[in-house]
Amino acid sequence: MEFIKLDVEEKIAVLTINRPKALNALNSQVLDELNETLDGIDTNEVRALIITGEGEKSFVAGADIGEMSSLTKAEGEAFGKKGNDVFRKIEALPIPVIAAVNGFALGGGCEISMSCDIRICSENALFGQPEVGLGITPGFGGTQRLARLVGMGMAKELIYTARNIKADEALRIGLVNAVYPAEELMNAAKKMASRIAMNAPIAVRNCKKAINDGMQVNIDDALVIEEKLFGDCFETEDQKAGMGNFLEKDKEKKLKVVPFVNR
Ligand code: DAK
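Residues numbered from 1 in each chain as written. Predicted model: local features only at pLDDT ≥ 70, side-chain atom pairs only at ≥ 80, totals over all residues. Heavy atoms only, no water.

A few points about the sheet that holds strand β8 (residues 126-128)
One open sheet accounts for 4 strands, arranged β4-β6-β8-β9; its pairing is mixed. Strands with a single pairing partner mark the edges of an open sheet, and in this sheet they are β4 (58-60) and β9 (165-166). Where strand β6 (residues 104-106) lies against β8, 3 bridges are found, and the strand directions are parallel. Opposite F104, over in β8, you have L126 as the bridge partner. (Pairing = 2+ DSSP bridges. Helix = DSSP H or I, 4+ residues; strand = E, 2+ residues; numbered from the N terminus.)

Set out below in structure tokens:
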């Protein structure tokens, strides 16, 4: 891999987009490597994934404008599909994904962060969808995910005006969950990932699926999705150990539920 690094330690994987000379912009090779790397993650072993960008300046400065500049309509559509397929894979990954946004998150950079479950960022982060200034629409899910995350009115303002927003505004509108000094960001991401990793993995993955799938349908159908995924947790080692520890009043064990994914 030239542009993607993956480090796995204590059930937490850190995926770094590593093209700092171009501020980690996403060209076809980066997207292909990202796709391959995601396929290679053992989600029975790894309990949470953190995505970040190499260097101190940029998370991802967008899709590669040089590569996009000469695309035909058909090639543009194919490029959009390539990005959308990879981002959808992140969104549907059976483990939680945290975006640790360490600088520019513009265009495709903002979009990849929005395909993650949770976004936290450094104080120097800058978010935006500048596409209309480049003569295109957001093409990696920005028109859809931004509206779902921050509401239609705010999404439309940001997309139509191509206005970039700093970390404090991203926090205020709910695009990120927390802002940290740059040097503390990765530790904060790892701490959050470790907390997730302590919990029952089947329950965590079923929560992700219930929230993601439920948000796409009406409340009645959503509750049926929840019921099925709730039922699916029973008879697992996780559920037996988790509830057993509580009933035995074993606080020590209760904190470190679930040694193993049992299907
Ligand atoms: N693409 C390619 N190279 C980029 C880049 C990008 N998005 N962003 C930065 N770079 C490169 C610069 O060209 C420069 O390369 P060299 O000249 O050194 O070779 C290097 O990174 C450092 O950048 P700067 O010298 O510009 O650094 P500054 O600190 O001065 O400025 C900046 C940083 C982030 C403000 C500036 O680089 C910038 O404005 N970059 C572009 C940001 C942007 O507009 N991003 C959105 C891209 S559009 C679609 C599918 C996908 C998409 C759309 C449609 N369809 C299917 C239709 C997605 C679109 C986008 O993401």
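Concerning the sheet that holds strand β7 (residues 118-122)
The strand order across the open sheet built from 6 strands is β1-β2-β3-β5-β7-β10, with neighbouring strands paired in mixed fashion. Strand pairing shows two members of the sheet lacking a second neighbour, β1 (4-9) and β10 (178-180), which therefore form its edges. This sheet shows a mean twist of 20° between the axes of neighbouring strands, independent of strand direction. Looking at chain direction, β7 and β10 are connected through 3 bridges and run parallel. Within β10, the position partnered with C121 by the bridge is V179. (Axes fitted to C-alpha atoms, helices over the stretch in contact; angles between N-to-C directions.)

Some details on helix α9 (residues 201-214)
Its 14 residues place the ends of α9 19 Å apart at the C-alpha level, agreeing with the 20 Å of an ideal helix rising 1.5 Å per residue. Looking only at α9, the buried set comprises P201, I202, V204, R205, N206, K208, A210 and G214. (Expected span 1.5 Å × (residues − 1). Buried < 20%, exposed > 50% of the residue type's maximum accessible area, 1.4 Å probe, protein only.)

Thoughts on the site of the ligand
Close to the ligand lie 24 residues; K57, A61, A63, I65 and G108 are nearest. Within the contact set of the ligand, a nitrogen atom lies 3.0 Å away from a backbone nitrogen or oxygen of I65. Within the backbone of G108, one N or O atom sits 2.8 Å away from an oxygen atom of the ligand. Taken by itself the ligand offers 1,100 Å² of open surface, and the protein chains cover 61% of this. (Near = heavy atom within 4 Å. Polar contact = N/O pair within 3.5 Å; in protein donor to acceptor, adjacent residues only side chain to side chain. Areas by Shrake-Rupley, 256 points an atom, 1.4 Å probe, with all protein chains shown as cover.)

Focus: helix α10 (residues 219-233)
When the terminal C-alpha atoms of α10 are compared, their 21 Å separation across 15 residues agrees well with the 21 Å that a helix rising 1.5 Å per residue should span. Looking at α10, one finds that the buried residues are A222, L229 and C233. The arc enclosing the buried residues of α10, seen along the axis, measures out at 55°, which places them on a common side. Set apart from the buried face of α10 by more than 90 degrees, the exposed residues are D220, E227 and K228. (Arc of directions from axis to C-beta.)

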